[in-house]
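Observations on the model geometry
For reference, the chains in residue letters:
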Amino acid sequence: MSVIIILLGVSLLVAIGFLAAFIWSVKNGQFEDDFSPAHRILFEDKPDNVNE
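Bear in mind the structure is a predicted one, so any value in this text is a computation, not a measurement.

Thresholds applied
Residue numbers here run from 1 along each chain, matching the order of that chain's written sequence. Thresholds applied to this predicted model are a pLDDT of at least 70 for local features of residues and 80 or more for the giving and counting of side-chain atom pairs; totals over whole chains, interfaces and linings are not thresholded and use all residues. With hydrogens and water stripped out, all remaining heavy atoms of the structure feed into the side-chain values. Strands are runs of DSSP state E lasting at least 2 residues, helices are runs of H or I lasting at least 4, and numbering of each runs from the N terminus. Relative accessible area decides the class of each residue, using a 1.4 Å probe on protein chains only: under 20% of the type maximum gives buried, over 50% gives exposed, and in between gives partly exposed. Throughout, the Shrake-Rupley method with a 1.4 Å probe supplies accessible areas, and for residues the shown protein chains are the sole cover considered. Exposure above 30% relative accessible area and no salt bridge define the residues that can form patches, which grow by joining like charges within 9 Å and nonpolar side chains of Val, Leu, Ile, Met, Phe, Trp and Tyr within 5 Å. A carboxyl oxygen of Asp or Glu within 4 Å of a side-chain nitrogen of Lys or Arg is what we treat as a salt bridge. Whether two residues are in contact is decided by their heavy atoms: any pair within 4.5 Å suffices.

Considering the overall build of the chain
Tallying secondary structure elements over the chain gives two helices and zero strands in all. For the chain, buried positions account for 2% of its 52 residues. Carbon and sulfur atoms provide 67% of the accessible area of the chain, an area that totals close to 5,500 Å².

This is the structure we're talking about:
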């Protein structure tokens, strides 16, 4: 029975760690550009130097 309590405590610590990492990434601007990643795949990259 004590193993369940230990596992619950560890899982709560892991969940809090992931929540803290998510909040940190939102505050540092990781999710600001929500338009271009979805549309970037639709356009081809132009080659830098074409020797034709």
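A closer look at a nonpolar patch on the surface
Residues Leu 19, Phe 22, Ile 23, Val 26 and Phe 31 make up a contiguous nonpolar surface patch of roughly 490 Å² in combined accessible area. Among the structural elements, Val 26 can be located in helix H1 (residues 2-27). You can call Val 26 partly exposed: its relative accessible area is 43%.

Focus on the side chain of Ser 25
Here Ser 25 shows up in helix H1. According to the relative accessible area criterion, Ser 25 is buried, its value standing at 11%. Once residues within four sequence positions are removed from consideration, Ser 25 is found in contact with Gln 30 and Phe 31.

A word on the environment of Phe 31
Mapped onto the elements of the fold, Phe 31 is located in the loop between H1 and helix H2 (36-40). Non-local contacts of Phe 31, meaning those with residues more than four positions away in its chain, are made with Phe 22, Ser 25 and Val 26.

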